[in-house]
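Residue strings, one per chain:
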Amino acid sequence: MASKGRILQLQNYSVNDGDGIRTTIFFAGCPLRCRWCANPEGYTPKNQILYVASRCIGCRRCEAVCPEGIRFDFQSPQARERCTGCGACVDACLEKARKNTVTEYTVDEIVAKLESQLRFFRNSGGGVTYSGGECTMQADFLAELVDAVYDMGLDQAIETSAYFDLEALQPTLDKIDLLFLDIKHMDRDKHLAFTGVDNDLILRNIAALGAQRGGIVVRIPTIMGVNGDDDNISRTAQFVKDHLRDPQIELLPYHPYGVDKYVQLGMPDDEGEFRTPTQEELQHLTDIIEREGVRAVSFK
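Not measured: the values here are computed from a predicted model.

S.K.: Explanation requested: the overall build of the protein in the structure shown.
M.R.: The secondary structure content of the protein amounts to 12 helices and 11 strands. A compact globule built from 300 residues would reach a C-alpha radius of gyration of about 19 Å, and the protein, at 20 Å, matches this within 12%. Principal-axis analysis of the C-alpha atoms gives the protein an extent of 60 × 45 × 35 Å. For the protein, long-range pairs separated by at least 24 residues make up 72% of all intrachain contacts whose partners lie at least 6 apart in sequence. Taken as two groups, the 33 positive and 45 negative side-chain charges of the protein have centres that lie 5 Å from each other.

S.K.: Would you explain the layout of surface pockets in this entry?
M.R.: Empty space among the atoms becomes apparent when a probe as large as a water molecule is rolled across them. Taken as a whole, the largest pocket holds about 1400 Å³ of empty space. Lining of the largest pocket is provided by 47 residues; of these, F26, A38, N39, G132 and H255 occupy positions nearest its centre. Elements with a contribution of two residues or more to the lining of the largest pocket: strand 1 (4-14), strand 4 (98-100), strand 6 (127-132), strand 7 (155-160), strand 8 (178-182), strand 9 (216-222), strand 10 (248-253) and helix 11 (259-264). No other element matches strand 1, which puts four residues into the lining of the largest pocket. Class assignment for the residues of the lining of the largest pocket results in 19 nonpolar, 17 polar and 11 charged. By volume, the second largest pocket is sized at about 250 Å³. Residue assignment for the lining of the second largest pocket shows that the elements contributing at least two residues are strand 10 and helix 12 (279-291). Here the residues of the lining of the second largest pocket sort into six nonpolar, four polar and two charged.

S.K.: Quick question: what am I supposed to make of helix 7 (residues 166-173) here?
M.R.: A turn of α-helix holds 3.6 residues, and therefore any two residues three or four places apart point the same way. Taken residue by residue, helix 7 has L166, L169, Q170, T172 and L173 as its buried positions. Residues of helix 7 that are buried sit in contact with helix 6 (139-151), strand 7, strand 8 and helix 9 (200-212). The residue sitting at the N-terminus of helix 7 and contributing the capping side-chain oxygen is D165; that oxygen lies 3.2 Å from the backbone nitrogen of E167.

S.K.: Any chance you could explain the sheet that holds strand 10 here in plain terms?
M.R.: Strand-to-strand pairing in sheets goes through backbone hydrogen bonds, with the strands running parallel or antiparallel. Overall, mixed pairing links the nine strands, which are arranged 5-1-2-6-7-8-9-10-11 in an open sheet. Bordering the open sheet on either side are strand 5 (103-106) and strand 11 (295-296), each of which pairs with just one other strand. Looking at chain direction, strand 9 and strand 10 are connected through five bridges and run parallel. Opposite V218, over in strand 10, you have I249 as the bridge partner. Contacts between helix 4 (residues 107-115) and the sheet are confined to strand 1, strand 2 (22-27), strand 5 and strand 6, with strand 5 contributing the most and set at about 90 degrees to the helix. Against the sheet, helix 6 touches strand 1, strand 2, strand 5, strand 6 and strand 7, its axis set at about 170 degrees to strand 6.

S.K.: Explain the packing of helix 10 (residues 230-243) against helix 12 here, please?
M.R.: Helix-helix packing is characterised by the crossing angle of the two axes and by the distance between the axes. Taken N-terminus to C-terminus, the directions of helix 10 and helix 12 make an angle of 35 degrees; their axes are 9 Å apart at the nearest point. The element helix 10 and its partner helix 12 pack so that their crossing is right-handed. Note on element contacts: helix 12 touches helix 10 through H284, L285, I288 and I289, opposite D230, I233, S234 and A237. Looking at side-chain class alone, the contact of helix 10 with helix 12 contains five nonpolar, two polar and one charged residues.

S.K.: How do you make sense of helix 12 when you look at a structure like this?
M.R.: With 13 residues, helix 12 ought to run about 18 Å at 1.5 Å a step, and its terminal C-alpha atoms sit 18 Å apart, in line with that. Along helix 12, the positions that sit buried rather than exposed are L282, L285, T286, I288 and I289. One face of helix 12 carries all of its buried residues, which in axial projection span an arc of 155 degrees. Turned more than 90 degrees off the buried face of helix 12, the exposed positions are E280 and R291.

S.K.: Before we go on, may I ask you to explain empty space enclosed by the protein in this structure?
M.R.: Here the structure, examined in full by the defined rule, presents four cavities of 30 Å³ or more. The volume enclosed by the largest cavity comes to roughly 130 Å³. Secondary structure elements with two or more residues in the lining of the largest cavity: helix 1 (61-65) and helix 3 (88-92). Residues of the lining of the largest cavity, tallied by class, amount to 10 nonpolar, three polar and four charged.

S.K.: Would you mind showing me how to read the environment of A207 here?
M.R.: Among the structural elements, A207 can be located in helix 9. Ignoring anything within four residues of it in the chain, the contact list for A207 reads F239 and H243.

S.K.: What am I meant to see in the environment of A237 here?
M.R.: On the secondary structure map, A237 appears in helix 10. C-alpha of A237 to C-alpha of E290: the two residues are 53 residues apart in sequence and 8.3 Å apart in space. Not counting residues up to four positions away in its chain, the partners in contact with A237 are I249, I289, E292 and V294.

S.K.: Mind showing me how you'd approach the pairing of strand 6 here?
M.R.: Walk down a regular strand and you will see the side chains alternate between the two sheet faces. The buried fraction of strand 6 amounts to six of the six residues, a majority that puts the element mostly inside the structure. Note that strand 2 and strand 6 share six bridges and pair parallel. Following the sheet pairing, T23 is matched in strand 6 by V128. Both strand 6 and strand 7 contribute to a ladder of four bridges, which runs parallel. Residue pairing across strands places G127 opposite D155, the latter belonging to strand 7. Traced from strand 6 through helix 6 to strand 7, the parallel crossover comes out right-handed.

So, how was this worked out
- Residues numbered from 1 in each chain as written.
- Predicted model: local features only at pLDDT ≥ 70, side-chain atom pairs only at ≥ 80, totals over all residues.
- Heavy atoms only, no water.
- Helix = DSSP H or I, 4+ residues; strand = E, 2+ residues; numbered from the N terminus.
- Rg over C-alpha atoms; globule rule 2.2 N^0.38 Å.
- Contact = heavy atoms within 4.5 Å.
- Lys, Arg positive; Asp, Glu negative; His and termini not counted.
- Charge placed at Lys NZ, Arg CZ, Asp CG, Glu CD.
- 1 Å grid on protein atoms, 1.4 Å probe; cavity = no way out; pocket = protein on both sides within 12 Å on 5 of 7 lines; lining within 4 Å.
- Points joined across faces, edges and corners; volume = space filled by probe spheres on them.
- Nonpolar A, V, L, I, M, F, W, Y, C, P; charged D, E, K, R; others polar.
- Buried < 20%, exposed > 50% of the residue type's maximum accessible area, 1.4 Å probe, protein only.
- Polar contact = N/O pair within 3.5 Å; in protein donor to acceptor, adjacent residues only side chain to side chain.
- Pairing = 2+ DSSP bridges.
- Axes fitted to C-alpha atoms, helices over the stretch in contact; angles between N-to-C directions.
- Left-handed = near helix turned anticlockwise from the far one by under 90°.
- Expected span 1.5 Å × (residues − 1).
- Arc of directions from axis to C-beta.
- Right-handed = clockwise from strand over helix to strand, strands pointing away.

Right, here's the structure in full:
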């Protein structure tokens, strides 16, 4: 029986995740709990139900098919705890007030979808990017998919927190053309406070990969009040300069686009705690990076 990956989304026509026009494949599951995450549905590989209350007309069709007997409004924490993510209510909802977060795909099914995009990849110099969640949490399925796409001759990129077992993942990463590796914060304690894990493994992996190969871009999700201060950006640039052959950093300004998902998943969020940098602040941080001898890049 073919193995299946648990996928949040296959996003065609992506232009921000590598060169050219790409399909970005978002994997479910992540070991980090970044408090600003725009894809909180990706925390777990388990299917969850997004509930858009404004679309609900109270027809109770969902209630009638729910094996757990959960009420149609789906707002209480108790209802969320009882939900198994079976998706029966999604199929029953006529108003699309409910949506599954996870779809299971085989490698062949994904390859078939990629084949429909080949002319865009070929004409633009694009390809496939693996993202999440954290795609390396499904390491076996990722390896199978990377092998299949490698055989197609397509450019491959990966967006990752770098929080993984490098030795186990090495054969897969060797087939990837471009690695986007996140550094959320250089301070160990602040990294732990904001993401739920410290940065020891992340920094070790980035240093080890930098000693092996090129084709690495360090990305900083830039959030004022978290990591968008001069000292942290300077320390990050110094680390990148010391460990990457072709040191490059991309600043990714924080955006609050994922706030609605927290509501739809019945999760608390930290809206209001974080601020998007202004263009002037981004330019100031870019100048710091370049003064440290690191190239500031953008894939927008």
